[in-house]
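If you want the building blocks of each chain, they are given just below.
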Amino acid sequence: MSYKIAICSGKGGTGKTTVAVNLFSTIQTKWTKNVQLVDCDVEEPNDLLFFKDAKIINRSIVNQSVPVIDESQCTFCRKCEEYCEFNAISIIPSVKYASVDPNMCHSCGACLHACKFGAIQEHQHPIGELTNYSRGNQTDILEGSLKIGSPMQTKIIKDLKANASEESDILIYDAPPGTSCPVVETVSAADFVILVTEPTPFGLYDLRLTVNLMKEMQKDFGIVVNKAGLGDREVYAYLKEEEIELLAEIPFNREYAGQYAQGKLLSDIPPLIEQEYMKLAIYLKNRMNHD
Amino acid sequence: MIEITILSGKGGTGKTGITAAFASLANNTVFADIDVDAPDLHLILEPEIKEENQFLGARIAKIDTQICTNCGFCIKECRFDAIHYRTEGGLEVNPFECEGCRLCERICPFKAISSEHSTNNHWFVSDTRFGTMLHAKMGPGEENSGKLVTTVRKNAKEKAREQNADFLLNDGPPGVGCSAIASLTGVDKVILVTEPSKSGFHDAVRLIELVQKFEIPLYAVINKCDINSEITKQMEYFFITQGIQLLGKIPFNEDMVNAIVNRKSIIEYKPDSEIAEKIKEMWNKVTEPIKELK
Ligand code: SF4
Ligand code: SF4
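As recorded in an unreviewed UniProt entry, chain B goes by (4Fe-4S)-binding protein and comes from Marinifilum breve.

Under an unreviewed UniProt entry, the name given to chain A is Cobyrinic acid a,c-diamide synthase, and the source organism is Marinifilum breve.

J.: Sorry if this is basic, but what is going on with the site of ligand 1 here?
T.: The environment of ligand 1 is formed by 13 residues, the closest being Cys-84, Cys-105, Cys-108, Gly-109 and Cys-111 of chain A. Partitioning the shell around ligand 1 into residue classes produces ten nonpolar, three polar and no charged.

J.: Is there a simple way to think about the interface of chain B and chain A in this case?
T.: You'll often see interface size given as the accessible area lost when the parts meet. Tallying the contact residues gives 59 residues for chain B and 58 residues for chain A. Approximately 5100 Å² of surface area, both sides summed, lies buried where chain B meets chain A, with 58% of it carried by carbon and sulfur atoms. Ranking the residues of chain B by area buried against chain A places Arg-79, Phe-96 and Arg-106 of chain B at the top, with a combined share of 13%. Taken together, chain B and chain A are joined by four salt bridges.

J.: Sorry, what's going on with the sheet that holds strand β2 (residues 35-39) of chain A here?
T.: Backbone-to-backbone hydrogen bonds join strands into a sheet, with any given pair of strands oriented parallel or antiparallel. Residue and element names in this part refer to chain A. Spatially, nine strands are ordered β3-β6-β7-β2-β8-β1-β9-β10-β11 in an open sheet, and the strand pairing comes out mixed. Unpaired on one side and paired on the other, β3 (55-69) and β11 (246-251) mark the two borders of the sheet. Going across the sheet, the axis of each strand differs from the next one's by a mean of 20°, ignoring polarity. Here β2 runs beside strand β7 (residues 139-146); their pairing, made up of three bridges, is parallel. Within β7, the position partnered with Leu-37 by the bridge is Ile-141. Contacting β1 (3-8), β8 (170-174), β9 (192-197), β10 (221-228) and β11, helix α9 (residues 271-290) runs over the sheet at an angle of about 165° to β11.

J.: Quick question: what am I supposed to make of the site of ligand 2 here?
T.: Neighbouring ligand 2 are 13 residues; Cys-74, Cys-77, Arg-78, Cys-80 and Cys-115 of chain A lie closest to it. Looking at the shell around ligand 2 residue by residue, the classes come out as ten nonpolar, one polar and two charged.

J.: Would you explain the packing of aromatic side chains in this entry?
T.: Any aromatic ring pair is given by two values, namely how distant the centres are and how the planes are angled relative to each other. Within this structure, the stated rule accounts for eight aromatic pairs over all chains. Ring centres 5.7 Å apart and planes at 85° place the aromatic pair Phe-24 of chain A and Phe-51 of chain A in the edge-to-face group. One end of the pair, Phe-24 of chain A, is in helix α1 (residues 16-30); the other, Phe-51 of chain A, is in the loop between β2 and β3, with 27 residues separating them in the sequence. Taken individually, Phe-24 of chain A and Phe-51 of chain A each receive the classification buried, so the pair is uniform in this respect. For the ring pair Phe-201 of chain B and Phe-238 of chain B, a centre distance of 5.7 Å and an interplane angle of 75° mean the geometry is edge-to-face. Taken together, the positions of Phe-201 of chain B in helix α7 (residues 198-213) and Phe-238 of chain B in helix α8 (residues 229-241) put the pair 37 residues apart, joining distant regions of the chain. For the pair formed by Phe-201 of chain B and Phe-238 of chain B, the shared burial category is buried. Through a chain of ring-to-ring contacts, the aromatic side chains of Phe-22, Phe-167 and Trp-283 of chain B assemble into a single cluster.

The rules we used
- Residues numbered from 1 in each chain as written.
- Chains lettered and ligands numbered in written order.
- Predicted model: local features only at pLDDT ≥ 70, side-chain atom pairs only at ≥ 80, totals over all residues.
- Heavy atoms only, no water.
- Near = heavy atom within 4 Å.
- Nonpolar A, V, L, I, M, F, W, Y, C, P; charged D, E, K, R; others polar.
- Contact = heavy atoms within 4.5 Å.
- Buried area = accessible area lost by both parts, 1.4 Å probe.
- Salt bridge = Lys/Arg side-chain N within 4 Å of Asp/Glu carboxyl O.
- Pairing = 2+ DSSP bridges.
- Helix = DSSP H or I, 4+ residues; strand = E, 2+ residues; numbered from the N terminus.
- Axes fitted to C-alpha atoms, helices over the stretch in contact; angles between N-to-C directions.
- Phe/Tyr/Trp six-rings, centres within 6.5 Å; stacked < 30°, edge-to-face > 60°.
- Buried < 20%, exposed > 50% of the residue type's maximum accessible area, 1.4 Å probe, protein only.

This is the structure in structure tokens:
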């Protein structure tokens, strides 16, 4: 079993991806080669932008089962429409019209139980893809990517997690932003969660929402403050008051922000920043041995 | 009334800071924070809540252990693996895994399962120093943020009509998923606030694809344009090829962050600064052609 670390942030753009990518690289170069980075931000996967040397070693399509109604069998009774909680089915008896919208369907299968006339069958409908990348000889980066407009984030994340190797010492999940379902799906299997925030009122507000979610899910977590030095000190007061552990503080560095923009996160890392990632990796190592 | 949604694709491009700046420039406008997952606009607009409404979220199944015979039929049928045997015996639903499809409720041979809407979500109508604002609060781990977005927008539109407002300005969610789609169907204009980073660009392209599917006129703002001037150039070129009007470019300045720390828009915080001037120009570019039409 691998030790699973999820990296989350309530607010987008706090530097979740930066932390995930740097932590992955620190662990890989200084601790164990047997680590995989799993990009679960399936609406906007970005981790790969920082690894120019990664090669695709496998790509597969993820399908969702979507019901298709056979109009020659259908009696237009509308039972399936009534059963569908996601408004994916439209039946118009007067013109003998029956159709399912794959962009609304959650593949729950309720309509199959509704139809007494055998008019519904499931077909496979593509909703995205999973890609395995490697920078040596084994997969070390995995990415899921959702087709624009599909509501099936959690399905892709589930398949993506199943695709990661349990033989790895460590798996790093880069979670989607926010606090809704896809985040819950990503975090559910994690042994430890790192919440990335920035020291601004926006960052703090969204951090509180995420902390509440972690408590509700009974997850162990700690905080990384990114862009330290910008904004104000309120986040530190909050952490103290709530007795939440501050794992690392990544100073804001304008030049490094420019490097990030260019996709060059992993070369010429300022020593002060590198040191914080080392600190984080050591913390995780101790934690893992202890857990 | 013209409805405008501000989107960014990637989070953290400074969308909300710019929305707040527009808010302090706009007259006769209703505002809606439809980034319901991580709403931040209220931190600057400081709304005084006038009306609170409950939004019925997704359903969550519940098993009545008195009736349940532990037959396990529902476990087999649930596609989300949300039903589990408890260690102390009996079955239970994991509310985080349940999608609320009601399949189990409908097929349970003993009718032991019922479901209830989650009541963790609320939306509000508030007063702010710039005008009426609608916003929402979602419970942790909730689903259906798309539906909540639609509800807030629908009510914001009604308010805007009632007040005979010129504009409805929506601060939209990140991403290109259901809530992003719910935030742009049927709007008159979209303003994309992006930043010149590889990931910012990458996400902007995905968002543009989505907006173009809906054939909505699109404007762009490049925020923090001097973080990487090379990518800024590439973006400008890309916008030209896509027929997207660039409203302007804003250089990185700590004042944007400091304004937020002081709970002010940049227009209020540094009214005569270069950035404030630039944002004024942008807002005029969006609104002037519309005013001329009237
Ligand atoms: S599978 Fe579920 S969501 Fe899809 S159409 Fe049938 S009832 Fe609706
Ligand atoms: S339940 Fe079956 S017969 Fe009735 S409308 Fe749906 S597909 Fe047609």
